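Below, each chain spelled out in residue letters.
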Number of protein chains: 2
Amino acid sequence: MESNQLAMKEKIHMLTDGNVTTPKGYTAGGLHCGIRKRKLDLGWVYSDVPAQAAGVYTTNIFQAAPLKVTQESIAKEQKLQAIICNSGIANACTGDQGLQDAYEMRRHFSEALGIEEHYAAVASTGLIGELLPMEKINAGISQIHDQENNGASRFESAILTTDTKEKGIAIQFEIDGKLVSIGGAAKGSGMIHPNMATMLSFVTTDANVSDQALSQALKDITNKSFNMITVDGDTSTNDMVLVMANGKADNDELNPSHPEWNMFVEGLNIVCEILAKEIARDGEGASKLVEVQVTGAVNDKAAQAISKSVISSNLVKTAVHGADANWGRIITAIGYSGQQLDPDKVNIALGSIPVVKNGIPVSFSEEDAKNYLLEDTVVIYAELGDGDGKATAWGCDLSYEYVRINASYRT
Amino acid sequence: MESNQLAMKEKIHMLTDGNVTTPKGYTAGGLHCGIRKRKLDLGWVYSDVPAQAAGVYTTNIFQAAPLKVTQESIAKEQKLQAIICNSGIANACTGDQGLQDAYEMRRHFSEALGIEEHYAAVASTGLIGELLPMEKINAGISQIHDQENNGASRFESAILTTDTKEKGIAIQFEIDGKLVSIGGAAKGSGMIHPNMATMLSFVTTDANVSDQALSQALKDITNKSFNMITVDGDTSTNDMVLVMANGKADNDELNPSHPEWNMFVEGLNIVCEILAKEIARDGEGASKLVEVQVTGAVNDKAAQAISKSVISSNLVKTAVHGADANWGRIITAIGYSGQQLDPDKVNIALGSIPVVKNGIPVSFSEEDAKNYLLEDTVVIYAELGDGDGKATAWGCDLSYEYVRINASYRT
């Protein structure tokens, strides 16, 4: 890591119980409207004032209806004041009716909160191809006003599908001597792959940020965080990352010429990276987080492709699941990444245990390697010796449980 | 299917007990030399006379030593007379010693058969990163002369790794009024993905074929057969398809200007496609063959990418395993293929059961769909309505068994 990046990280304070309502001016909540059997299934985040907003969306050509509506909302003024998200049904592949439903959800939600319609974003996650039960959703929305601030934890819970845990985080640091907070919530679990997956992430901040700068920063950071995780190689129809910046921290407007711009970007990056890693660790059936760090590639793009190739390999994932130091599968996945590299310069290590030097295996203690692979977090290092390119990708192991969940998800 | 292709197919006779020794002038065998515990682990095919030869090889940058040696052999005269293949150890990522071992294996094998060294091809499959036990292999080779013709079934068995069955086939048809045979054997199972996988295929024919034409035909056909199968998305270091044509059928030399050239190509295509499908059906942990037929794509290349995207999806594969008609995962995989298509024109069917019309689900009997997905072979049709492009890809379901096998393959 660069030294100035390290220095910035030291100034960032992590709040273990932080969430999307840690930044000033945000409230959040969740309730059960009846799409799911018992689980909370409708959540929302609200800012006291309209906030600068930016979004990134799935690259899947079958983009779900709520993504279209949310993009319309943001396009109008680059602002959002509230986000509503249901779980259980994705409102994807639902044709005109689905689009009408997403509009209706946005209209009712904005009316319930008394905000401009285009300040509301809608998101959905769950089964593809089913229509939203609009009566239930509308009934749910009509209760929001009474429960408006029933808590970020309920929001985090309401957006989950097969996830096993809520994912929330917040950090704080100073800009212009003012306390700035960034909070985030996410859901992931299945259909997760580089370039947006069934993952939703909502980031809030009270920083005052220019719209263009916020949008560009989110795009850049997404490429290094959410687009570097994979659970199963499938990219969903509903993925979206939204960020809202309501300016309540009262700092001078942030943009690349502000002296502390990099500090803000680093903060946003940390929140996105933590959420991305939590999504990977909680992948369907996963028992651990796997991190692949590639260095020495011809350039960063090659390093990204190589790290994604390794993290996506079913054979690497099953080997990690079985705590089997099968470096042959790692080198194979590096080799079919389609990237330029010199096979005779490749070094691979599992944590601190070197297993390949200059493309050839070195002897290592199988027992040490097994013990390392049994840990909660496993890091695979690949140093290619071809240049300065580097990248990190995150994923999880592939287990019986993954097959069990997915052989019976719908029925 | 085109009508002239159908007419050709009718003239092709399938031999259910055919194999690589069905064509005139070939013998084959296999023995146990001690790389594996009990299983046969060394096999060979031999032609009475040098044969025109062609090969296609893995695209993995870590190409195993035997592939380099075999390419050298063929490069010299475009001819081969014999192939030797061991299972258990892949001789990949073994550096200079591995290359020396592959040369030594070729030298001993050609000496044992009394043929020119560059008429011999070597192949290996199994664990990556271990050196071949050359004493055992040399001892095995010295026994070949006595067991030279102990049978194609022993050859088919000797080249297997985690495969559950031998894969052999032969067909016959007439060219210039002469009986021509094409036989083939293959191994597959894991690390199988478009662009060559841990798959080895050896095809023999007694047809008289020009070297250039044979080479081009093999390349074209591989793109439609072996490169269209996937088991787990991993492309191995050792994959290779070799074809030998020894001319013993006594037909006029075949090349694209021969009136029956298309007949030969169709025959070669059938053998390769059958072997490819057998590899897919016998994928690690697979309980069935899954076929994805894409039509109406903007072009064939787009159709190939889309069919591969669907067949490679872990979520589609687990849904098929669970006999769950989860068409949402199919449409999602079509959508993230990166290909140009109109989402509103997509039709999907499971066998004869339409599940999506114009991008939107249609109602269907869940019971009928479940029963269909429980069959031995499942065909997923996707008609895109965008053009004339078409392609077919093959794969298998993803099961608990796949995870079990691969969480403990090496140890």
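Criteria and thresholds
- For every chain, the first residue of its written sequence is number 1, and the numbers climb from 1 along that sequence.
- Starting at A for chains and at 1 for ligands, labels are handed out in the order in which the entities are written.
- Where totals are concerned, whole chains, interfaces and linings use all residues; where local detail is concerned, this predicted model gives features only for residues with pLDDT of at least 70, and gives and counts side-chain atom pairs only at 80 or more.
- Each side-chain value is worked out from all heavy atoms of the structure, with water and hydrogens disregarded.
- The helix and strand labels rest on DSSP assignments: H or I over at least four residues marks a helix, E over at least two residues marks a strand, and numbering proceeds from the N terminus.
- With C-alpha atoms as the basis for the radius of gyration, the globule rule is written as 2.2 Å multiplied by the number of residues raised to the power 0.38.
- Remark: exposure states derive from per-residue accessible area (1.4 Å probe, protein chains only) relative to the maximum for the residue type, with buried under 20%, exposed over 50%, and partly exposed in between.
- Any two residues having at least one pair of non-hydrogen atoms within 4.5 Å are treated as being in contact.
- Here the open area of atoms and residues is found with the Shrake-Rupley method and a 1.4 Å probe, where only the protein chains shown may cover a residue.
- Residues counted as positive are Lys and Arg, residues counted as negative are Asp and Glu, and His and the chain ends are not counted.
- Every charge is mapped onto a representative atom, which is NZ of Lys, CZ of Arg, CG of Asp or CD of Glu.
- Helix span is expected to be 1.5 Å times the residue number reduced by one.
- An automatic or database domain assignment is the source of the domain bounds shown.
- We define a salt bridge as a side-chain nitrogen of Lys or Arg found within 4 Å of a carboxyl oxygen belonging to Asp or Glu.
- Whenever two N or O atoms come within 3.5 Å, that pair is a polar contact, provided that in protein one can donate a hydrogen and the other can accept it, and provided that, for residues adjacent in sequence, both atoms are side-chain atoms.
- Amino acid classes used here: Ala, Val, Leu, Ile, Met, Phe, Trp, Tyr, Cys and Pro are nonpolar; Asp, Glu, Lys and Arg are charged; the rest, including Gly, are polar.
- Within 6.5 Å between ring centres, the rings of Phe, Tyr and Trp (the latter by its six-membered ring) count as paired, and their orientation is classed by plane angle as stacked under 30 degrees, edge-to-face over 60, tilted in between.
- Note on definitions: the grid is 1 Å and covers protein atoms alone; a cavity is a set of points where a 1.4 Å probe fits but cannot get out; a pocket is an open set with protein on both sides within 12 Å along at least five of seven lines; lining residues have an atom within 4 Å of a point.
- Grid points are joined across faces, edges and corners, and a volume is the space filled by probe spheres set on the points.
- By convention, the term buried area covers the 1.4 Å-probe accessible surface removed from two parts as they join, with the contributions of both added.
- The copies were overlaid by least squares, fitting only the C-alpha atoms of residues that reach a pLDDT of 70 or more in each copy.
- UniProt positions are given in the numbering used here, feature names are shortened, and annotations may be inferred rather than shown by experiment.
- Note on pairing: two strands pair once DSSP finds at least 2 bridges between them.
- Where helices are involved, their axes are fitted lines through C-alpha atoms of the stretch in contact, as for all axes, and angles between N-to-C directions lie from 0 to 180°.

In terms of regular secondary structure, chain A is built from 12 helices and 15 strands. For chain A, whose C-alpha radius of gyration is 22 Å, the value lies close to the compact-globule estimate of 22 Å for 411 residues. Counting the 411 residues in chain A, one finds 62% classified as buried. Long-range pairs, those at least 24 residues apart, make up 80% of the contacts in chain A with a sequence separation of at least 6. Counting only carbon and sulfur atoms, one obtains 45% of the accessible surface of chain A, whose full area is about 14500 Å². One way to put it: in chain A the 34 positive side-chain charges average out to a point 4 Å from where the 52 negative ones average out.

For helix 3 (residues 95-113) of chain A, spanning 19 residues, the distance from its first C-alpha to its last is 28 Å, which sits close to the expected 27 Å at 1.5 Å a residue. Taken as a whole, helix 3 of chain A has its buried residues at Gly-98, Asp-101, Ala-102, Tyr-103, Met-105, Arg-106, Phe-109, Ser-110 and Leu-113 of chain A.

Residues and elements named next belong to chain A. For chain A, the domain assignment lists domain 1 (3-279) and domain 2 (289-406). Here domain 1 and domain 2 have C-alpha centroids that lie 31 Å from each other. Taken together, the contacts link 15 residues of domain 1 with 16 residues of domain 2. One can count one salt bridge joining domain 1 with domain 2. As a salt-bridge pair, Glu-291 and Lys-277 come within 4.0 Å of each other at their nearest N and O atoms. Counting the contacts that link domain 1 with domain 2 gives two residue pairs in polar contact (both at pLDDT 80 or more). When its residues are assigned to classes, the side of domain 1 that touches domain 2 shows four nonpolar, seven polar and four charged.

Right, let's talk about helix 2 (residues 65-77) of chain B for a bit. Residue and element names in this part refer to chain B. The set of residues buried in helix 2 consists of Ala-65, Pro-66, Leu-67, Val-69, Thr-70, Ser-73 and Ile-74. The inward-facing, buried residues of helix 2 contact strand 3 (42-57), strand 4 (79-89), helix 3 (95-113), strand 5 (120-127) and strand 9 (240-245). Taken from the residues just after helix 2, Gln-78 is the one with a positive phi, measuring 55°.

A word on the packing of aromatic side chains. Residue and element names in this part refer to chain A. Under the criterion given, the structure shown has four aromatic pairs over all chains. Centroid distance Trp-261 to Phe-264: 5.9 Å. Interplanar angle 35°. Geometry classified as tilted. Of this pair, Trp-261 and Phe-264 both sit in helix 7 (residues 261-281), three residues apart, which is roughly one turn of the helix. For the residue pair Trp-261 and Phe-264, the accessibility class agrees, reading buried in each case.

Residue and element names in this part refer to chain A. Here the second largest pocket is characterised by a volume of approximately 1000 Å³. Contributing to the lining of the second largest pocket are 30 residues, with Gln-5, Lys-224, Asn-269, Glu-273 and Lys-390 lying nearest its centre. For the lining of the second largest pocket, the element with the most residues is helix 7, which contributes eight residues. Split into classes, the residues belonging to the lining of the second largest pocket amount to 12 nonpolar, eight polar and 10 charged. The residues that make up the lining of the second largest pocket include at least three from each of domain 1 (3-279) and domain 2 (289-406).

This brings us to the interface of chain A and chain B. Accessible area lost upon the coming together of the parts serves often as the stated size of an interface. At the junction of the two partners, chain A supplies 53 residues and chain B supplies 53 residues. Summed over both partners, the interface of chain A with chain B comes to about 4500 Å²; 61% of that surface belongs to carbon and sulfur atoms. Here chain A is connected to chain B by zero salt bridges. Between chain A and chain B we count five residue pairs in polar contact (both at pLDDT 80 or more) in total. Elements that contribute at least two residues to the side of chain A that touches chain B include exactly helix 9 (314-321), helix 10 (327-335), strand 13 (360-361) and helix 12 (400-406) of chain A. For the side of chain A that touches chain B, the element with the highest residue contribution is helix 10 of chain A, accounting for seven residues. By residue class, the composition of the side of chain A that touches chain B is 23 nonpolar, 22 polar and eight charged.

Before going further, it helps to examine the relation of the copies chain A and chain B. Expressed as a screw operation, the relation of chain A to chain B combines 0.0 Å of axial shift with a rotation of 180°, fitting to an RMSD of 0.0 Å. What the superposition gives is, in effect, a two-fold axis relating one chain to the other. Relative to the rotation axis, the closest C-alpha in chain A is found at Tyr-400 of chain A, a distance of 2.5 Å. Of the interface residues in chain A, 100% have counterparts in chain B that sit at the interface too, so the contact is made through matching surfaces.

Bringing the pattern of salt bridges into the picture now. Under the criterion given, the structure shown has 13 salt bridges over all chains. Ionic pairing is found between Asp-206 of chain B and Lys-24 of chain B, a salt bridge with its closest N-O pair at 4.0 Å. Pair noted here: Asp-206 of chain B is in the loop between strand 8 (200-205) and helix 6 (211-224) and Lys-24 of chain B is in the loop between strand 1 (13-15) and strand 2 (26-31), with a separation of 182 residues, a long-range link. One salt bridge connects Asp-48 of chain B with Lys-248 of chain B, and the closest N-O pair in it is separated by 3.3 Å. Taken together, the residues span a long stretch of sequence, with Asp-48 of chain B in strand 3 and Lys-248 of chain B in the loop between strand 9 and helix 7 (261-281) at a distance of 200 residues. Residues participating in the shared-partner salt-bridge network are Asp-163, Lys-167 and Asp-282 of chain A.

Quick look at the UniProt feature "binding site: substrate" (unreviewed entry) in chain A now. Residue and element names in this part refer to chain A. UniProt records the feature "binding site: substrate" (unreviewed entry) for Thr-161, Lys-187, Thr-198, Glu-284, Asn-406 and Thr-411 in the present numbering. Position of Lys-187 relative to the elements: it lies in strand 7 (residues 178-187). Of the residues examined, Lys-187 reaches a relative accessible area of 0% and is grouped as buried. Side-chain polar atoms of Lys-187 contact the side chain of Thr-161, separated by 3.0 Å.

You can see Asn-314 of chain A is positioned in helix 9. Note on Asn-314 of chain A: relative accessible area 4%, which makes it buried.

Glancing now at the sheet that holds strand 13 (residues 360-361) of chain B. All names here are of chain B. One open sheet accounts for six strands, arranged 13-12-11-14-10-15; its pairing is mixed. Every interior strand has two partners, whereas the edge strands, strand 13 and strand 15 (389-396), have only one. With four bridges joining them, strand 11 (residues 347-350) and strand 14 (residues 377-383) adopt antiparallel strand pairing. Counted as the bridge partner of Ile-348 is Ala-382 from strand 14. On top of the sheet, helix 7 reaches strand 10 (289-297), strand 14 and strand 15; it is set at about 45° to strand 15, its chief contact.

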